[in-house]
Amino acid sequence: MLKSIGRWGVTMGKVLNEGDLVFDFSAAIMSDQFDDEVTHKLSHCMKAEDFIVEWEHEFWFVEVKDPSNSKIPSGIKRDKLKEFIAKIDNEILFSNELGPKIKDSFLYLHLSKRLPPKPLRYLVLLAIGNLDAALLLRSMEGVKRSSCLLGPDKRKWKNPYLEEVMVFSEQTWNEKLKQCPVKRLRAQS
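Bear in mind that the values here come from a model prediction, so they are computed numbers and not experimental data. (Residues numbered from 1 in each chain as written. Predicted model: local features only at pLDDT ≥ 70, side-chain atom pairs only at ≥ 80, totals over all residues. Heavy atoms only, no water.)

1. Quick word on the sheet that holds strand β5 (residues 59–65)
Spelled out, the test is: Following DSSP output, two strands are said to pair if at least two bridges run between them. Helix and strand labels come from DSSP, where a helix needs a run of H or I of at least four residues and a strand needs a run of E of at least two; each type is numbered from the N terminus. Helix axes use the C-alpha atoms of the stretch in contact, all axes being lines fitted to C-alpha atoms, and the angles between their N-to-C directions lie in the range 0 to 180 degrees. Residue contacts are counted whenever heavy atoms from the two residues lie within 4.5 Å of one another.
Strand order across the open sheet formed by 5 strands is β3-β4-β5-β6-β7, with mixed pairing between neighbours. Two strands close off the open sheet at either side, each with one partner strand: β3 (30–33) and β7 (162–168). Adjacent strand axes in the sheet meet at a mean angle of 15° when their direction is disregarded. Sheet topology note: the β5/strand β6 (residues 120–126) ladder contains 7 bridges and is parallel. Note on β6: the bridge partner recorded for V62 is L123. Where helix α3 (residues 133–147) meets the sheet, its contacts fall on β6 and β7, and the angle it forms with β7 comes to roughly 150°.

The following block contains the structure:
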């Protein structure tokens, strides 16, 4: 495994967990949990993406939303899933959560001079078992709008910002991103 020495110190890609989901980023140059106090240090005033991942030719911000998490008590899981779908339908998920997270994360790394000179991509995993294609597409458009992917006059920003925004279900993540599969841990009985 190659190690990268630079703005993050000596690091390498690793396996990261977000709730029940396990992401294998071991093929990456670097991967880290970003939304913790050790890495981020400004959670009192800035939102943070779950992971940051550096590949040879690109850098990813990764956000995971998992309303199917086994830590949600079974008696309220159905209601929580309905609430989550409603947040997609009324775009609160995008305007209040996903958009601010990517902008704050980008600003944090930019001001820390820790953004690599590589294309930046924002990947969102919506871990809903029965996520249909229409909801996935609508979510992609919502994330693009709320992240300010395009600047004034719907053109790319003059300074580098996000190259691309992508939204996945667990299935589409594993189909499209074979270099870093995600698996769900089985709930303990």
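Moving on, there is more to tell.
2. Thoughts on the sheet that holds strand β1 (residues 15–18)
Adjacent strands of a sheet form backbone hydrogen bonds with each other and so pair up, either parallel or antiparallel. Here we have 3 strands laid out as an open sheet, ordered β1-β2-β8, and antiparallel in their pairing. Both outer strands of the open sheet, β1 and β8 (182–184), are each paired with one neighbouring strand and no more. Recorded for the sheet is a direction-independent mean angle of 25° between the axes of neighbouring strands. Bridge count for β1 against strand β2 (residues 21–24) is 4 bridges, and the pairing is antiparallel. If you follow L16 over to β2, its bridge partner there is F23.

3. Quick notes on the side chain of S147
Counted only if it meets this: Pairs of N or O atoms within 3.5 Å make up the polar contacts considered here, provided that, within protein, one atom can donate a hydrogen while the other can accept it, and that residues adjacent in sequence are counted only when both atoms are side-chain atoms.
Assignment of secondary structure puts S147 in helix α3. Within the structure, the side chain of S147 is placed 3.2 Å from the backbone oxygen of K144, a separation counted as a polar contact. Ignoring any residue separated from it by four or fewer positions in sequence, one finds S147 in contact with G99, I102, K103, Y122, Y161, L162 and V165.

4. Side note on the packing of aromatic side chains
Definition in use: Each aromatic pair joins two rings of Phe, Tyr and Trp (for Trp, the six-membered one) with centres within 6.5 Å, and gets the label stacked for planes under 30 degrees apart, edge-to-face for over 60, and tilted for any other angle. With a 1.4 Å probe rolled over the protein chains alone, any residue whose accessible area is under 20% of its type maximum counts as buried; one over 50% counts as exposed, and the rest are partly exposed.
This model, assessed by the stated rule, comprises 10 aromatic pairs. Both rings, one in F59 and one in F61, keep their centres 5.5 Å apart while their planes meet at 80°; by these two values the pair is edge-to-face. Considered together, F59 and F61 belong to a single accessibility category, that of buried residues. Considering the side-chain rings of F106 and Y161, the 4.8 Å spacing of their centres and the 90° angle between planes classify their relative orientation as edge-to-face. With F106 in helix α2 (residues 92–111) and Y161 in the loop between α3 and β7, this residue pair connects regions lying 55 residues apart in the sequence.

5. Topic: the pattern of salt bridges
Close approach of charged atoms allows side chains of opposite charge to pair. For the record, the criterion: Salt bridges are defined as contacts in which a side-chain nitrogen from Lys or Arg sits within 4 Å of a carboxyl oxygen from Asp or Glu.
Counting across every chain of the model gives 16 salt bridges. Its salt-bridge partner being D89, residue R138 comes within 2.8 Å of it at the nearest N-O pair. Placement of R138 in helix α3 and of D89 in helix α1 (residues 74–89) is noted, with a sequence separation of 49 residues between them. A relative accessible area of 44% means that D89 is categorised as partly exposed. Across the pair R145 and E91 runs a salt bridge, and its minimum N-O distance is 2.7 Å. Separated by 54 residues along the polypeptide, R145 in helix α3 and E91 in the loop between α1 and α2 bring together distant segments of the chain. On the basis of relative accessible area, R145 is assigned to the partly exposed category, the value being 48%.

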